[in-house]
Every structure is written in C-alpha cells, then in structure tokens.
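Listed here are the chains, written in short residue letters.
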Amino acid sequence: MEANLVLSYQSFSKVSMRKINIKNTVYNKLAKTPHNHHGSNYHVYKDNLFDHLAINHLSQSIQATTGLRNKKSGYEGFVEAARVVYVNFNSTHQVNLVIESLQRAFPKPILSLVKMLLPESKWAREYCAIFTTFFFAWLVGPCEVKESEFNGRKENNVVHIKKCRFLEETNCVGMCTNLCKTPSQVFIKDTLGMSVNMVPNFDDMSCEMIFGQDPPPPDTDPAFMQPCYKLCKLSNKHQTDCNSQMKKKDHVEIS
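What counts, and where the lines are drawn
Residue positions within a chain follow its written sequence, with the count starting from 1. Thresholds applied to this predicted model are a pLDDT of at least 70 for local features of residues and 80 or more for the giving and counting of side-chain atom pairs; totals over whole chains, interfaces and linings are not thresholded and use all residues. Only heavy atoms go into the side-chain values, all of them from the structure, while hydrogens and water stay out. Note on ring pairs: Phe, Tyr and Trp rings are taken, using the six-membered ring of Trp, and paired if centres are within 6.5 Å. Classes follow the plane angle, with under 30 degrees stacked, over 60 edge-to-face and the rest tilted. The helix count covers DSSP runs of H or I at least four residues long, the strand count covers runs of E at least two residues long, and both are numbered beginning at the N terminus. Charges are assigned to positions over rings by a cutoff of 6 Å between ring centre and Lys NZ or Arg CZ, combined with an angular limit of 35 degrees from the ring normal. Any pair of nitrogen or oxygen atoms within 3.5 Å is treated as a polar contact; in protein, a donor-acceptor pairing is required on top of that, and neighbouring residues in sequence qualify only through side-chain atoms on both sides. Pairs of residues are marked as contacts when any of their non-hydrogen atoms sit within 4.5 Å. Buried residues are those whose accessible area, probed at 1.4 Å on protein chains only, stays under 20% of the maximum for their type, while exposed residues exceed 50% and partly exposed ones sit between those limits. In these notes, a set of buried Ala, Val, Leu, Ile, Met, Phe, Trp, Tyr and Cys residues joined through side-chain atoms within 4.5 Å is what counts as a nonpolar core. pLDDT expresses how confident the predictor is about each individual residue, on a scale running from 0 to 100. Here, expected helix span is obtained from the residue count minus one, scaled by 1.5 Å. Bending is quantified residue by residue as the angle between axes fitted to the seven-residue window ending at that residue and the seven-residue window starting at it. Strand pairing is assigned whenever DSSP identifies at least 2 bridges connecting the two strands. Think of each axis as a best-fit line through the C-alpha atoms, taken over the contacting stretch in the case of a helix, with angles from 0 to 180 degrees between the N-to-C directions.

A look at the packing of aromatic side chains
Link 1 in the chain: For the structure on display, the rule yields nine aromatic pairs.
Link 2 in the chain: A ring pair is formed by W123 and Y127, whose centres lie 5.3 Å apart and whose planes are at 15°; its orientation type is stacked. Here W123 and its partner Y127 are both found in helix α6 (residues 122-135), four residues apart, which amounts to about one turn of the helix.
Link 3 in the chain: Through a chain of ring-to-ring contacts, three or more aromatic side chains come together here, namely F106, W123, Y127, F131, F135, F136, W138 and F187.
Link 4 in the chain: A cation sits over an aromatic face here: R165 above Y45, 4.0 Å from the ring centre.

What follows is the structure, encoded as structure tokens:
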C-alpha cells in the first residue's frame, strides 16, 4: 500500500513539474516578446557603440534644452525626453525646442562649413541622401537611397525609411509631425541651406525624405490631416486628436 502511494506521488510530481516547466517556458517567451502595437513586424534594434553615443548625445541635448531630465538611457531615454516636450509644451514651443536641441547637438561651425562647401546642387542633394542613410539609421531605422525625378531628370535624392524607429516607438502621429518632421525640415533648411520634404506613411510607418523639395505648408500637408493611432501611447495625456491639425495656428508662427 505504501509502495503504491509513493509511486502515485512520484508520478503526480513528475506530471506537475512538467506542467510547471511548460508554463515557465511560455511565460519566459512572453516576457521576452517586444511590446508591439502594429503586428508581428516589430524591429528589434541592436545598437552599436556609435549608435549608443549618438542616441544619448541627442537625448541629453533635448533634456538640457528643456531643463527636464529623466533617468532612462538609450533610445528609451531619448523617446522619453521627446515625450516630455510633447506633453508639456504647445506646438510652436515643441518645434522650436527640438530645433534648439539639434543646434546644441550639432556644432554650428561644422554646419556652417558644410553649408559653404555644399551649395544646393544635384551632387549636394545626393550626398545628403547617402549621408543620412549611413549616419542616422540609429535615429530613424534602416533606410536606403531611392531615385526620383528632379526638374525633369533622375536623381538619387530620396531617403526611404523602411519603418521609422521613432514613430514605431512613440506610436503617436502628433509626435512625428511636431518633433520630427517639422523641426527637421526647418533645421536642415536653415543650417545647410537644403530644402527637404519629409513624407511619412502612417499606414506602414515608412517615410521618405526628399532632398531639394520644399515641404507644403501645414494647412495643406496631408501629414497634418492624419488622425492619430487608436492605440496612441499618449491618448490619456493630450487632446482627443493629438495630431497638429488642431494646433495649426501654432505652426504658422514658427520662428
């Protein structure tokens, strides 16, 4: 009788432990799965040393400009610094603060030299496109140079961002337009003398940077007519429609 009880207990223990191990395996897999609001194509980034330095440098520049610090590091810290700007300031201040942060991050003498050596031309537009794909993938994700027609001839002046890292992480249309698209266009034009139009695709989170093309004004730019994602991470912290469509008057006053 005792022998049978022991055998039954051992058998029950083995089955129970097997179930526990299976549950733990499933839990561990779920715990390691990236938080993804847009299907299974979430890109996992493996930032190298240069990427980490660049990300932290830009993050610290934003935090120094706003005076609002956070304790996060890496791309998470950078996104948090951008989120603080978006939550605490109106559209005009958001754009101007990002421009000031970019000016702080990139030394003005170097930018002035680049502007002097690269007056707008076919070569300059194509150089900017190539430079962006090599040195700013840490910011926007994998990208490639594409050809487009410019004044009736073909040029390799377009950067195609396959899936924007910033948009994927923020999951907010308003942060894209106010903290990336508009300030980047203004900053590149003012510092390098190069027109650029950033055309985000909010369906697949891709984007195109078209060097040499002036962006349309906000009141006619399709990017500012786009409602935000239903799963916007800031839906409980701002207006119902977080896109800049409700704040166009601010954008008109950008200095």
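After presenting the structure, the write-up continues.
A look at the side chain of Q63
Link 1 in the chain: Topologically, Q63 is positioned in helix α2 (residues 49-66).
Link 2 in the chain: Here the side chain of Q63 touches N70 through a polar contact of 3.1 Å, landing on its backbone nitrogen.
Link 3 in the chain: Once residues lying within four places of it in the same chain are set aside, the contact partners of Q63 are L68, R69, N70, G77 and A81.

Topic: the environment of Q103
Link 1 in the chain: Tracing the backbone through its elements, the reader meets Q103 in helix α4 (residues 91-105).
Link 2 in the chain: Judged by relative accessible area, which is 44%, Q103 ranks as partly exposed.
Link 3 in the chain: When the C-alpha atoms of Q103 and T191 are compared, they prove to be 8.7 Å apart, with 88 residues separating the residues in sequence.

Focus on the nonpolar core
Link 1 in the chain: Core analysis: the biggest nonpolar cluster contains 52 residues, and F78 and F166 have the highest contact counts within it.
Link 2 in the chain: The biggest single contributor to this core is helix α9 (residues 173-192), with eight residues.
Link 3 in the chain: If sequence neighbours within four positions are ignored, F166 has contacts with Y75, F78, A82, L139, M175, C176, L179 and C180.

A short note on the confidence of the model for the chain
Link 1 in the chain: Summing up the model confidence of the chain, the mean pLDDT is 81 and the portion of residues at 70 or higher is 75%.
Link 2 in the chain: Below pLDDT 50 for its whole length, residues 1-39 participates in twelve contacts with residues either more than four positions away or in separate chains.
Link 3 in the chain: Within the model, pLDDT remains below 50 along residues 236-240, and this stretch shows six contacts once partners closer than five positions in the same chain are excluded.

What about α9?
Link 1 in the chain: Compared with the 28 Å implied by 1.5 Å per residue over 20 residues, the 26 Å span of α9 between its first and last C-alpha is a close match.
Link 2 in the chain: The largest bend in α9 comes to about 30°, at P183.
Link 3 in the chain: A large share of α9 lies buried, amounting to 17 of its 20 residues.
Link 4 in the chain: At the C-terminal side of α9, G193 shows a positive phi close to 70°.

Brief notes about the sheet that holds strand β2 (residues 153-161)
Link 1 in the chain: If you walk across this open sheet you meet the four strands as β1-β2-β4-β3, and the pairing is antiparallel. In this open sheet, the two strands that pair with only one neighbour each are β1 (143-150) and β3 (196-201). Direction aside, the axes of adjacent strands within the sheet are offset by 30° on average.
Link 2 in the chain: Pairing of β3 with strand β4 (residues 206-211) involves six bridges; the strand directions are antiparallel. For M198, the partnering residue across the bridge sits in β4 and is M209.
Link 3 in the chain: Running over the sheet, α6 touches β1, β2 and β4 and is turned about 20° from β2.
Link 4 in the chain: Across the sheet, α9 lies against β3 and β4, angled at about 160° from β3, the strand it touches most.

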